[in-house]
Amino acid sequence: YKPATKLQLMVVRGLITKWKMPVYIGFDQPMTHDLMWSIMREIEAKGFRVWGATFDLGNKKFQSNVASTQYLKGKEPFAPDRWFYYNPDPPHLQKSFREHCLYKTYIIPKDPYSKVFGQPSGRNIDMLLDCGDYVKLGKDHFQLILDSDQAEFKIHHKLTPAHLEVANSGKCSVRMAAQVMSASSAAAIEFLRPEWKSQATAIMTVNNVRFWFTVVL
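The text that follows walks through the structure, step by step, so that each part is easy to find.

Quick notes on the rules
Within each chain, residues carry numbers counting from 1 in the order of the written sequence. Totals for whole chains, interfaces and linings use all residues, but because this is a predicted model, local features are given only for residues with pLDDT of at least 70 and pairs of side-chain atoms are given and counted only at 80 or more. Side-chain measures were taken over the full set of non-hydrogen atoms in the model, leaving aside hydrogen atoms and water. By definition, a salt bridge exists where a carboxyl oxygen of Asp or Glu is found within 4 Å of a side-chain nitrogen of Lys or Arg. Burial here depends on accessible area, computed with a 1.4 Å probe over protein chains only, as a share of the maximum for the residue type. Under 20% is buried, over 50% is exposed, and the range in between is partly exposed. To pair, rings of Phe, Tyr and Trp, with the six-membered ring standing in for Trp, must have centres within 6.5 Å; the planes then decide the type, stacked if under 30 degrees apart, edge-to-face if over 60, and tilted in the middle. Note on conventions: DSSP H or I runs of at least 4 residues are helices, E runs of at least 2 residues are strands, and numbering of each starts at the N terminus. Both a distance and an angle decide whether a charge sits over a ring: NZ of Lys or CZ of Arg must be within 6 Å of the ring centre and within 35 degrees of the ring normal. A strand pair is defined by DSSP finding two or more bridges across the two strands. Here an axis means a line fitted to C-alpha atoms, over the contact stretch when the element is a helix, while the angle between two N-to-C directions is reported on a 0 to 180 degree scale. In what follows, residue pairs with any heavy atoms lying within 4.5 Å of each other are defined as contacts. Contacts described as polar in this section are N or O atom pairs within 3.5 Å, which, within protein, must combine one atom able to donate a hydrogen with one able to accept it, while residues neighboring in sequence count only if both atoms come from side chains.

**Description of the pattern of salt bridges**
Two side chains carrying opposite charge are able to pair once their charged atoms lie near each other.
Moving on, step 1. Within the structure shown, the criterion is met by five salt bridges.
Moving on, step 2. Where Glu-195 meets Arg-193, a salt bridge forms, and the shortest distance between an N and an O atom there is 3.9 Å.
Moving on, step 3. The class of Arg-193 is partly exposed, set by a relative accessible area of 32%.
Moving on, step 4. Residues participating in the shared-partner salt-bridge network are Glu-44, Arg-49, Glu-76 and Arg-82.

**Topic: the packing of aromatic side chains**
Moving on, step 1. Summed over the entire model, instances satisfying the criterion amount to six aromatic pairs.
Moving on, step 2. For the ring pair Trp-19 and Phe-48, a centre distance of 5.4 Å and an interplane angle of 5° mean the geometry is stacked. Of this pair, Trp-19 sits in the loop between strand 1 (7–13) and strand 2 (20–27) while Phe-48 sits in the loop between helix 1 (33–45) and strand 3 (52–55), and the two are 29 residues apart along the sequence.
Moving on, step 3. Overall, the relative accessible area of 36% leaves Trp-19 in the partly exposed class.
Moving on, step 4. Judged by relative accessible area, Phe-48 falls into the partly exposed class, the value being 41%.
Moving on, step 5. Seen from their ring centres, Phe-84 and Tyr-86 are 5.1 Å apart, and the 80° between their planes marks the pair as edge-to-face. Taken individually, Phe-84 and Tyr-86 each receive the classification buried, so the pair is uniform in this respect.
Moving on, step 6. Between the NZ or CZ atom of Arg-82 and the centre of the ring of Trp-51, over which it lies, the distance is 5.2 Å.

**Comments concerning the sheet that holds strand 5 (residues 79–88)**
Moving on, step 1. Pairing within the open sheet is mixed, and its three strands lie in the order 3-5-4. Pairing within the sheet leaves two strands with one partner each, and these edge strands are strand 3 and strand 4 (73–76). Mean inter-strand twist for the sheet, computed between neighbouring axes without regard to direction, equals 30°.
Moving on, step 2. Across four bridges, the pairing between strand 4 and strand 5 is antiparallel. Across the sheet, the residue bridging to Glu-76 is Ala-79, located in strand 5.
Moving on, step 3. Taken strand by strand, helix 1 contacts strand 3, strand 4 and strand 5, and its axis lies near 120° from that of strand 5.

**Considering the side chain of His-141**
Moving on, step 1. With respect to the helices and strands, the residue His-141 is situated in helix 5 (residues 139–148).
Moving on, step 2. Polar side-chain contacts of His-141 include one of 3.1 Å to the backbone nitrogen of Gly-138.
Moving on, step 3. Contact partners of His-141, with chain neighbours within four places excluded, come to Lys-136, Ile-189, Trp-196 and Gln-199.

Here's what the structure looks like:
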């Protein structure tokens, strides 16, 4: 036998418990839907209920199959009355959100609950910003926290300049991304600038999504 170049590992874990267990190990065996369903069928036969799966972005063929599903969910073949949810590489999504926010700046609707007809274009975004229908969320908002945290008692003691000046190694840190897009950041921004409540709400939304990712990871 020649040495394997890849290891496939599947782990099951509880959604509301700390229990988890490896259930499949394969060498040079890419994950496929057929393989995943066969493993899940055995798990379900033991009395468990599987509601979703998280996975990294290395398996392009598996990703293409997932992309064909609507809203990253589909019916389980052996339990057609139940939805199955896909969560592709949640930590990468969180890190990318933080990176784009700091280096490119987001433009978000001021009222997150209003119905937006079509995305803003380069022709009308300036007008939407000027009239206040849209607001920016970027590095300057978090820099305000650092500039205000010069006293002994800090508003956001976990936020440091390293969080905003992301080096190559820092881009891989899920912890740093979570500390930037956190409830503490949202509360600090709204405390310092009450008129930035829309930006604080956007950060809080990311923080809430992060808690869901923490559950499914």
